[in-house]
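Chain residues, written in single-letter form:
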Amino acid sequence: YLKKKMFFSSISKKTNYFHFYLNNILFNRRLELIIVRNFFELTPSKLKGRKRRTKMENEYLELWSKEQTELREKISLDGLNVDDVKLVGGVDISFVKDSVTEACAAFVILSYPDMKEVHREVELVEMKLPYISGFLAFREAPLILPLIERVRKEKPEVFPQVILVDGNGILHPRGFGLACHLGLVANVPTIGVAKTFLNVDGLTEAGIKDFAHGKLKEKGESVPLIGESGKTLGAIFRTSSGEGSFKPIYISVGHGLSLETASKIFLNCCHYRIPEPTRQADLLSRDFLRKL
């Protein structure tokens with residue numbers, strides 16, 4: 001009781017960004033899940049080098065896991081029609097050199113399908129949580145959501161019909177990655193675009209790459225990612241040509257559209273290996289940091 005009392009007494013104004021999360025998704029959840037930024041006063045620098053988590057930290061990870069499992073039931077795997085897409089968004093976060101806490105969040109909006117920039121939002125942010133595989137949303141979503149909501153409120157005429165996210169959607173150990181979090185909380189269709197693979201439902205990155213390498217010969221080709229459960233979790237795409245190393249992209253539904261629609265939009269956004277919305281968001285955030 002005393003630990004919890006001391007923990008909650010440390011809440012500051014900096015946690016206000018979670019009120020949006022609370023009001024939209026977790027309004028009937030335990031308050032502990034909202035104040036995840038504190039993570040028992042554990043900063044990324046303090047976590048570095050540690051091999052074991054405390055009992056309290058593990059309890060919170062169990063709560064987060066439960067929350068992801070429950071929220072995935074609210075995800076929609078249908079809705080958006082590709083013919084209705086006129087604007088697409090991309091989000092990404094880049095770190096200040098040699099820092100694990102200082103970063104820059106970027107949200108870029110492009111016309112579709114010609115990929116011309118329409119609007120951009122960029123902001124310096126501070127990471128309050130360490131990176132924990134499978135829980136990226138608790139680290140990044142609170143920093144990206146304000147940019148999305150700012151555009152919705154101040155520039156509704158350029159708000160995109162879909163957002164591409166540098167992270168996973170339902171292709172996730174608990175079926176609820178960063179793209180799902182952002183899509184559900186912001187109430188906007190999202191597509192998860194990942195460069196690395198999280199082992200899930202019997203699938204491994206090594207096995208998938210070996211399997212797909214022989215099938216994906218040309219740029220734009222793909223194969224579905226079907227887990228041992230028989231569920232289609234996403235697709236693996238070849239987005240570059242040539243005989244060099246095979247560096248596929250893994251996409252999955254975040255929220256509000258089908259995998260077929262997500263695949264069409266994704267391919268139409270690929271001028272290079274990485275789709276333009278997330279590529280431009282990455283370039284914007286890095287360029288912003290260079291000019292500081």
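Residues numbered from 1 in each chain as written. Predicted model: local features only at pLDDT ≥ 70, side-chain atom pairs only at ≥ 80, totals over all residues. Heavy atoms only, no water.

Undergrad: So what's going on with the sheet that holds strand E3 (residues 117-126)? Residues and values would help.
TA: Strand order across the open sheet formed by eight strands is E3-E2-E1-E4-E5-E8-E7-E6, with mixed pairing between neighbours. Edge positions in the sheet fall to E3 and strand E6 (222-226), since each of these pairs with one other strand and no more. Each adjacent strand pair in this sheet contributes to an overall mean axis angle of 25°, direction not counted. Pairing of strand E7 (residues 232-237) with strand E8 (residues 249-255), which is carried by three bridges, proceeds in the antiparallel orientation. Counted as the bridge partner of Phe237 is Ile249 from E8. (Pairing = 2+ DSSP bridges. Helix = DSSP H or I, 4+ residues; strand = E, 2+ residues; numbered from the N terminus. Axes fitted to C-alpha atoms, helices over the stretch in contact; angles between N-to-C directions.)

Undergrad: Which residues make up the pairing of strand E5 (residues 190-194), and what values go with them?
TA: Within E5, five of the five residues are buried, leaving the element largely enclosed by the surrounding structure. Burial along E5 is two-sided: the face carrying Thr190, Gly192 and Ala194 and the face carrying Ile191 and Val193 are both buried. Bridge count for strand E4 (residues 162-166) against E5 is four bridges, and the pairing is parallel. Paired with Leu164 across the strands is Ile191, a residue of E5. (Buried < 20%, exposed > 50% of the residue type's maximum accessible area, 1.4 Å probe, protein only.)

Undergrad: Quick rundown of helix H9 (residues 276-290)? Include the residues and the values.
TA: Spanning 15 residues, H9 covers 21 Å between terminal C-alpha atoms, matching the ideal 21 Å at 1.5 Å per step. If you check which residues of H9 are buried, you get Glu276, Pro277, Thr278, Ala281, Asp282, Leu284, Ser285 and Leu289. Where the residues of H9 are buried, they touch strand E1 (87-95), strand E2 (102-111), E3 and E4. (Expected span 1.5 Å × (residues − 1). Contact = heavy atoms within 4.5 Å.)

Undergrad: I'd love a proper account of unusual backbone geometry, names of residues and values included.
TA: The amide bond that connects Tyr112 to the next residue, Pro113, takes the cis arrangement and shows omega of 10°. Mapped onto the secondary structure, Pro113 falls in the loop between E2 and E3. Even without being glycine, Met115 reaches a positive phi, approximately 65°. Along the polypeptide, Met115 turns up in the loop between E2 and E3. Overall, Met115 belongs to the buried group, its relative accessible area being 8%. Within the chain, Asn187 stands out as a residue other than glycine whose phi angle is a positive 55°.

Undergrad: Give a description of the confidence of the model for the chain that names residues and reports values.
TA: Looking at the chain, pLDDT values average 84 and 81% of them are 70 or higher. Within the chain, E5 carries the highest mean pLDDT (98), whereas helix H1 (residues 2-9) carries the lowest (40). (pLDDT = per-residue confidence, 0-100.)

Undergrad: Pulling in residues and values, what's your account of the side chain of Ser111?
TA: Mapped onto the elements of the fold, Ser111 is located in strand E2. At a separation of 2.4 Å, a polar atom in the side chain of Ser111 contacts the side chain of Asp114. Sequence-distant contacts of Ser111, that is, excluding residues within four places in its chain, are made with Lys86, Leu87, Lys116 and Val118. (Polar contact = N/O pair within 3.5 Å; in protein donor to acceptor, adjacent residues only side chain to side chain.)

Undergrad: So what about the packing of aromatic side chains? Which residues, and what values?
TA: All chains considered together, the criterion is met by five aromatic pairs. Between Trp64 and Phe135, the aromatic rings sit 5.8 Å apart at their centres with planes inclined by 50°, giving tilted as the arrangement. Of the two residues, Trp64 is situated in helix H4 (residues 55-71) and Phe135 in the loop between E3 and helix H5 (136-154); the sequence distance between them amounts to 71 residues. Note on Phe197 and Tyr250: the rings are 5.2 Å apart at their centroids and 55° apart in plane angle, and the pair reads as tilted. With a gap of 53 residues between them, Phe197 in the loop between E5 and helix H7 (205-213) and Tyr250 in strand E8 connect regions that are remote in the sequence. Judged by its relative accessible area of 7%, Phe197 falls in the buried class. We classify Tyr250 as buried; its relative accessible area is 1%. A cation over an aromatic ring shows up here: Arg174 above the ring of Phe135, its NZ or CZ 4.5 Å from the ring centre. (Phe/Tyr/Trp six-rings, centres within 6.5 Å; stacked < 30°, edge-to-face > 60°. Lys NZ or Arg CZ within 6 Å of the ring centre and 35° of its normal.)

Undergrad: With reference to specific residues and values, describe the side chain of Ser258.
TA: Inspection of the secondary structure puts Ser258 in the loop between E8 and helix H8 (259-268). A distance of 3.1 Å separates a polar atom in the side chain of Ser258 from a polar atom in the side chain of Thr261. Once residues lying within four places of it in the same chain are set aside, the contact partners of Ser258 are Leu77, Asp78 and Val253.

Undergrad: Can you lay out the state of the cysteines for me, pointing to particular residues and giving the numbers?
TA: The full count for this structure, using the stated rule, is zero disulfides. With no disulfide partner, Cys269 has as its closest neighbouring cysteine sulfur the one in Cys270, 6.9 Å distant. (Disulfide = S-S within 2.5 Å.)

Undergrad: I'd like to hear about the pattern of salt bridges, residue by residue, with values.
TA: What the rule picks out here adds up to 13 salt bridges. Here Glu126 ties to Lys128 by a salt bridge, and the two come within 3.1 Å at their closest N and O atoms. In this structure Glu126 comes out as partly exposed when scored by relative accessible area, which is 41%. In this structure, Lys155 engages Glu157 in a salt bridge whose closest nitrogen and oxygen atoms are separated by 3.4 Å. You can call Glu157 exposed: its relative accessible area is 53%. (Salt bridge = Lys/Arg side-chain N within 4 Å of Asp/Glu carboxyl O.)

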